[in-house]
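Descriptive analysis of the structure
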Amino acid sequence: VIYSGDGLSAKELVAHARERFGVAVPDVTIQPVCTRRLTNAKTWPVATMAGQALGAMILAMESVLRTPPDVLVDTTGLAFGVPLAKLLAGCAAAAYVHYPAVSQDMLDALDRPAFNNSKRWVRLRRVKAVYYRLLGKVYGWCGRRHDVV
């Protein structure tokens, strides 16, 4: 089962997996999910990463309650939903992580305005540093709930 909120068919998702990851996926069933949009940055104009973390938890809950997996393979990079999925479905969890949710680059960018770093936040960089570090700790704890990375 592949959980998808992108509106792609099974055939399109299999082709994408082959092209992008070099993985041949057997016949699959698509389980549509409604809450996928909650993991998009544009959904959360303020406290984006915290919103995405909450969205990942809601998405994981919806997914495993609709179709409980034996093994959940997280390809979103948002590990925040994994502990909840494991609790609700009693499944194992694996992950393919593209990039960390919080990086040293983000912390280094606190002193200058950037794409998602308004001038107001530059003035409040200590608050944002605490926000990033707290999210990083929670992300790390959630990531350690995976059985395989």
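These figures come from a predicted structure and were not determined experimentally. (Residues numbered from 1 in each chain as written. Predicted model: local features only at pLDDT ≥ 70, side-chain atom pairs only at ≥ 80, totals over all residues. Heavy atoms only, no water.)

1. Side note on the side chain of Thr39
If you trace the backbone, Thr39 turns up in the loop between strand E2 (30–32) and helix H2 (48–66). Of the residues examined, Thr39 reaches a relative accessible area of 10% and is grouped as buried. In terms of polar contacts, Thr39 uses its side chain to reach the backbone carbonyl oxygen of Arg36, at 2.8 Å. For Thr39, the contacting residues outside a window of four places in its chain are Gln52, Gly55, Ala56, Leu59 and Leu78. (Helix = DSSP H or I, 4+ residues; strand = E, 2+ residues; numbered from the N terminus. Buried < 20%, exposed > 50% of the residue type's maximum accessible area, 1.4 Å probe, protein only. Polar contact = N/O pair within 3.5 Å; in protein donor to acceptor, adjacent residues only side chain to side chain. Contact = heavy atoms within 4.5 Å.)

2. A look at helix H6 (residues 125–143)
Every α-helical turn comprises 3.6 residues, leaving residues that sit three or four positions apart pointing alike. With 19 residues, H6 ought to run about 27 Å at 1.5 Å a step, and its terminal C-alpha atoms sit 26 Å apart, in line with that. Turning to H6, its buried residues number three or more, namely Lys128, Ala129, Tyr132, Leu135, Tyr139, Gly140 and Cys142. End-on, the buried residues of H6 take up no more than an arc of 155°, which puts them together on one face. Residues of H6 that are exposed and point over 90 degrees away from its buried face: Arg126, Val130, Leu134 and Lys137. (Expected span 1.5 Å × (residues − 1). Arc of directions from axis to C-beta.)

3. Considerations on the packing of aromatic side chains
Applying the stated criterion across every chain yields a total of three aromatic pairs. Considering the side-chain rings of Phe80 and Tyr139, the 5.5 Å spacing of their centres and the 55° angle between planes classify their relative orientation as tilted. Here the residue Phe80 occupies a position in the loop between strand E3 (71–74) and helix H3 (82–89), and Tyr139 occupies one in helix H6, the gap between them amounting to 59 residues. On the accessibility criterion, Phe80 (6% relative accessible area) is buried. Here the guanidinium or amino end of Arg145 rests over the ring plane of Trp141, the centre of that ring lying 4.4 Å away. (Phe/Tyr/Trp six-rings, centres within 6.5 Å; stacked < 30°, edge-to-face > 60°. Lys NZ or Arg CZ within 6 Å of the ring centre and 35° of its normal.)

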